[in-house]
Amino acid sequence: MADKEKITVMLDIRPNHTIYVNNLNEKVKKEELKRSLYAIFSQFGQILDIVALKTLKMRGQAFVIFKEIQSATNAMRAMQGFPFYDKPMKIAYAKTDSDLIAKQKGTYKERGSKRKEEDKKKKKGKEAKGATAVPAGAAAAAKAGAGAGVVPPRPGLFNQPPPVHGAGGIGVPEQPPNQILFLTNLPDETSEMMLSMLFTQFPGFKEVRLVPGRHDIAFVEFENEMQSAAAKDALQGFKITPTHAMKIAFAKK
């Protein structure tokens, strides 16, 4: 009965650009969590942002905001229950639009509007009391500098196009097909867990081997060369972070 209720609740929530991911491992640091989420979800389409807060209320949860609703739908279906840092992910559409999407749609509403209205009333009251004491030059200067302290919105960390699959590994000489892949152009923060989560989606995956003292390269082994070739073609040029497109070649035998 409980399962039926959960399904009903999920069906009641309309498709959204944003997916809500929970049951995440709370021991993972926020920045590593965001990088890992980007690594596994950007294969489904362009990600505008990832929101992960480490507050007591929001621990173990995150929001992934896609540019297209179809990308969010595909991600939710494909990654439901995916073992992410040893815990199966639970994914649903977010109940409301993110601020980014709401602004694009023109439906964005400021949060905390009551407080802003109260601030406006207080400001008007102060201006009314001190109106005669403010010199004209000072008023003009205040008006000119009114927006000086406004901080521009933070650009989307993940506003990158999806990877172009099948792009060649530039600068890496091609070796005869075999079951081991050689990865290059990896970011410094690459971890064995991050790569394992990326490649475990493909049949025949065996293990990831990092090179001591080198964070920019790694080896991934499959059971046979057909399985390694499939993973190579699918993830060639995949961006583990927005600035690092992974290059994949068959390893030297």
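Just so you know, these numbers come straight off a predicted model, no measurement behind them.

Here we look at the environment of R14
Then, number 1: By the element assignment, R14 lies in the loop between α1 (2–12) and β1 (18–22).
Then, number 2: Accessibility expressed as a relative area gives 45% for R14, which makes it partly exposed.

Quick look at the sheet that holds strand β6 (residues 90–93)
Backbone hydrogen bonds are what pair the strands of a sheet, in a parallel or an antiparallel way.
Then, number 1: Pairing in this open sheet of 4 strands is antiparallel, and the strands run β2-β3-β1-β6 from one edge to the other. The open sheet terminates on both sides in strands that have one partner only, identified here as β2 (47–51) and β6. Here the average twist between neighbouring strands, direction ignored, is 20°.
Then, number 2: Pairing analysis gives 4 bridges linking β2 to strand β3 (residues 61–66), with the strands arranged antiparallel. Bridge assignment links I50 to a residue of β3, and that residue is V64.
Then, number 3: Strand contacts of helix α3 (residues 69–79): β1, β3 and β6, with the helix running at about 155° to β6, the strand carrying the most contacts.

Observations concerning the packing of aromatic side chains
Then, number 1: For the coordinates displayed, the defined rule picks out 7 aromatic pairs.
Then, number 2: Summarising the aromatic geometry, the rings of F84 and Y85 are spaced 5.0 Å apart at their centres and angled 85° between planes, so their arrangement reads as edge-to-face. This pair shows no difference in class: F84 is buried, exactly as Y85 is.
Then, number 3: Put simply, the rings of F41, F44 and F66 pair up and form one aromatic cluster.

Here is what the cut-offs are and how they apply
Residues numbered from 1 in each chain as written. Predicted model: local features only at pLDDT ≥ 70, side-chain atom pairs only at ≥ 80, totals over all residues. Heavy atoms only, no water. Helix = DSSP H or I, 4+ residues; strand = E, 2+ residues; numbered from the N terminus. Buried < 20%, exposed > 50% of the residue type's maximum accessible area, 1.4 Å probe, protein only. Pairing = 2+ DSSP bridges. Axes fitted to C-alpha atoms, helices over the stretch in contact; angles between N-to-C directions. Contact = heavy atoms within 4.5 Å. Phe/Tyr/Trp six-rings, centres within 6.5 Å; stacked < 30°, edge-to-face > 60°.

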